[in-house]
Amino acid sequence: MSTFDTVVRLIYLVVAGLLVLGLHLMNSPVTARNGERLSAAGMTGAVLTTVAVIVHESSIDATGWSVLAAGALVGSALGFRFARTVPMTAMPQLVSLFNAVGGGAAAVVGVSEFLRVAGVGTSVHAPLHTIIATVLDLLIGGVTFTGSLVAAGKLQGTISGQPLVFPGARVVTISLSAVVLAGFGLLLAGIGGLPVLMVIAAASLILGLTMVLPIGGADMPVVISLLNAFTGTAVAMAGFVIDNTLLIIAGALVGASGAILTKLMADAMNRSIPKIIAGGFGTGDAQAAVSGGGDASVREVSADDVAIQLAYASKVIVVPGYGLAAAQAQHEVRDLTKLLEDRGVEVSYAIHPVAGRMPGHMNVLLAEASVPYDQLKEMEEINPDFPRADVALVVGANDVVNPAAREPGNAISGMPILDVDKAQSVIVIKRSMGHGYAGLDNPLYTDPKTGMFFADAKAGLAEITAAVKSLVGQAA
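What you see is a predicted model; the values in this text were computed from it and never measured. (Residues numbered from 1 in each chain as written. Predicted model: local features only at pLDDT ≥ 70, side-chain atom pairs only at ≥ 80, totals over all residues. Heavy atoms only, no water.)

**Remarks on the overall build of the chain**
Counting its regular elements, the chain contains 16 helices and seven strands. The C-alpha atoms of the chain give a radius of gyration of 26 Å, which matches the 23 Å a tight globule of 476 residues would have. The dimensions of the chain, computed from C-alpha atoms along their principal axes, are 80 × 55 × 35 Å. In the chain, of all internal contacts separated by at least 6 residues, the share reaching a separation of at least 24 is 77%. Counting only carbon and sulfur atoms, one obtains 65% of the accessible surface of the chain, whose full area is about 21500 Å². (Helix = DSSP H or I, 4+ residues; strand = E, 2+ residues; numbered from the N terminus. Rg over C-alpha atoms; globule rule 2.2 N^0.38 Å. Contact = heavy atoms within 4.5 Å. Areas by Shrake-Rupley, 256 points an atom, 1.4 Å probe, with all protein chains shown as cover.)

**Brief notes about the packing of helix α4 (residues 91-118) against helix α8 (residues 220-242)**
Where α4 meets α8, the closest approach of the two axes is 8 Å, and the angle between their N-to-C directions is 20 degrees. Viewed along their axes, α4 and α8 adopt a mutual orientation that is roughly parallel. In terms of crossing hand, the pair formed by α4 and α8 is left-handed. Where α4 abuts α8, its residues P92, V95, S96, N99, G102, G103, A106, V109, G110, E113 and F114 lie against I224, L227, N228, T231, A234, V235, A238, V241 and I242. Grouping the constituent residues of the contact of α4 with α8 by class yields 12 nonpolar, seven polar and one charged. (Axes fitted to C-alpha atoms, helices over the stretch in contact; angles between N-to-C directions. Parallel < 35°, antiparallel > 145°, perpendicular 65-115°, else oblique. Left-handed = near helix turned anticlockwise from the far one by under 90°. Nonpolar A, V, L, I, M, F, W, Y, C, P; charged D, E, K, R; others polar.)

**A closer look at the packing of aromatic side chains**
By the definition in use, this model includes zero aromatic pairs. Seen from the ring of Y312, R343 lies directly overhead, with NZ or CZ sitting 5.5 Å from the centre. (Phe/Tyr/Trp six-rings, centres within 6.5 Å; stacked < 30°, edge-to-face > 60°. Lys NZ or Arg CZ within 6 Å of the ring centre and 35° of its normal.)

**Digging into the sheet that holds strand β3 (residues 346-351)**
Strands sit in the order β1-β7-β6-β5-β2-β3-β4 across an open sheet of seven strands; the sheet is parallel. Edge positions in the open sheet fall to β1 (299-300) and β4 (376-378), since each of these has one partner strand only. The strands touched by helix α13 (residues 330-342) within the sheet are β2 (315-320), β3 and β5 (391-395), with β3 carrying the most contacts at an inclination of about 145 degrees. (Pairing = 2+ DSSP bridges.)

**Some words on a nonpolar patch on the surface**
On the surface, M43, V47, V51, V55, W65 and L68 cluster together to form a nonpolar patch covering roughly 490 Å² of accessible area. For the nonpolar patch, the elements supplying multiple residues, two or more each, are α2 (32-57) and α3 (62-85). Broken down by element, the nonpolar patch gets its largest block of residues, four residues, from α2. In this structure, M43 sits in helix α2. (Patch = residues over 30% accessible without salt bridge, like charges linked within 9 Å, V, L, I, M, F, W, Y side chains within 5 Å. Salt bridge = Lys/Arg side-chain N within 4 Å of Asp/Glu carboxyl O.)

**Quick notes on the pairing of strand β7 (residues 450-454)**
Counting buried positions over the five residues of β7 gives four, a clear majority of the element. One ladder, built from two bridges, connects β1 with β7; its direction is parallel. Its bridge partner lying in β7, R299 is registered against G451. (Buried < 20%, exposed > 50% of the residue type's maximum accessible area, 1.4 Å probe, protein only.)

**Describing the pattern of salt bridges**
Pairing is possible between side chains that carry opposite charge, provided their charged atoms lie close to one another. The tally for this structure, following the rule as stated, stands at 10 salt bridges. When the shortest N-O distance is used, the salt bridge between E332 and K458 registers 3.2 Å. Highlighted residues: E332 in helix α13 and K458 in helix α16 (residues 457-475), separated in sequence by 126 residues. By relative accessible area, which is 36% here, K458 ends up partly exposed. Its salt-bridge partner being K422, residue D419 comes within 3.8 Å of it at the nearest N-O pair.

**So, α4**
Its 28 residues give α4 an end-to-end C-alpha distance of 40 Å, which sits within 8% of 40 Å, the value for a rise of 1.5 Å per residue. G119 lies just past α4 and shows a positive phi near 90 degrees. (Expected span 1.5 Å × (residues − 1).)

**Re the packing of α4 against helix α5 (residues 128-156)**
At their nearest, the axes of α4 and α5 sit 7 Å apart, and the two run at 155 degrees to each other. On the basis of the axis angle, α4 is roughly antiparallel to α5. For the pair α4 and α5, the sense of crossing is left-handed. Its residues assigned to classes, the contact of α4 with α5 comprises 14 nonpolar, 12 polar and one charged.

**Topic: helix α14 (residues 361-368)**
Residues H361, M362, N363, L365 and L366 constitute the buried set of α14. Residues of α14 that are buried make contact with α4, β2, α12 (322-326), α13, β3 and β4. Directly beyond the C-terminal end of α14, a positive phi value near 65 degrees is found at S370.

Everything listed here is a matter of coordinates, which is why it stays silent on function.
Written out as structure tokens, the structure reads:
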């Protein structure tokens, strides 16, 4: 081994260490920023080292360098623009698009290397491990590409968030899986080559559609996490194909962490991952009627009513949901809670694992508004505190606070929820009595101790904050 190869291996080892440490630091909101910086530094080192290897080996010509430069410039420009302009409300869609790009790129890299080794003819002359890794890379990458595009479309609203099922969908899925297995068998037998790879690619792309289209919007946080795991796995497979240790390590880290997160989120919903993939909320369970919803009467309150309850409370728990993100009201809720804290009110935030549209959506949103990390309480930690809370302030949350989850026979039966209905008083800020993703009425809204403040979250919170200030001024 030459000195250059030794240095490259050492740099890759350091980069792998930075990625592992960065991922570890992302485990907590307090250290997540440093984790991102370390991971970014590691990836920058990996890219620069790879470029140095290409230069050292003189493995590409001027055309190749032009393509690399163009790709780097366009990708960097787009990444910078997205990071600067995409609002937090659209971050789940952006993550889905990144998953699609990552899975698709990994598949292209794997196929390109396979064709370089085996040739573009109909006969196959490639090692067994290369064939296996290529087929897995193409399958997982293809499913991730189209599946992530569908997920982004559902989140953006360009595709219906309702489960989309067509007659014979399961037969199509099984048939496509059989096509992939048959193609794999042909490649192992040394026949087929490029035509078989194209058939496997087409089947994989369609599988991504048939897998995600039947899943309802309520399950999208879990789907995004699962597709993220798929992306990492596809990248790792590409690493095996091109024999790049660092790519294997990076992909395995993403795949493993995504898989763990997916399992944790599925557990938080009390649902199995196979059941989510098989259909999602509202696809197969009989929809039992939920008492207390629909046309039952609600108690509507004004901003002044809410201000009085909040200003004279001892303990307030804020429950954020996607409505908070959609209204971009994170700064308004922070202004309100800061005002309450100045009056000596104990404030905390109840974070449900699947609130919002992606894992950690509420944590990231509130961190952007400089909400202290120690006030963000996970479901298991905060639920025992609800009976001691004078007011639970629900801002745009629906399914994650729906007591119907405790009743059998509906789409969210058995899903752990935030015990908002156990607080002494409940205030819900919503624009209307509309349903959540699961399409169920929410008995919480018609509970006698619940006051409904119908308003956009941003405008409503600002109005409540003004009312609290006015009340405090009068008291002074």
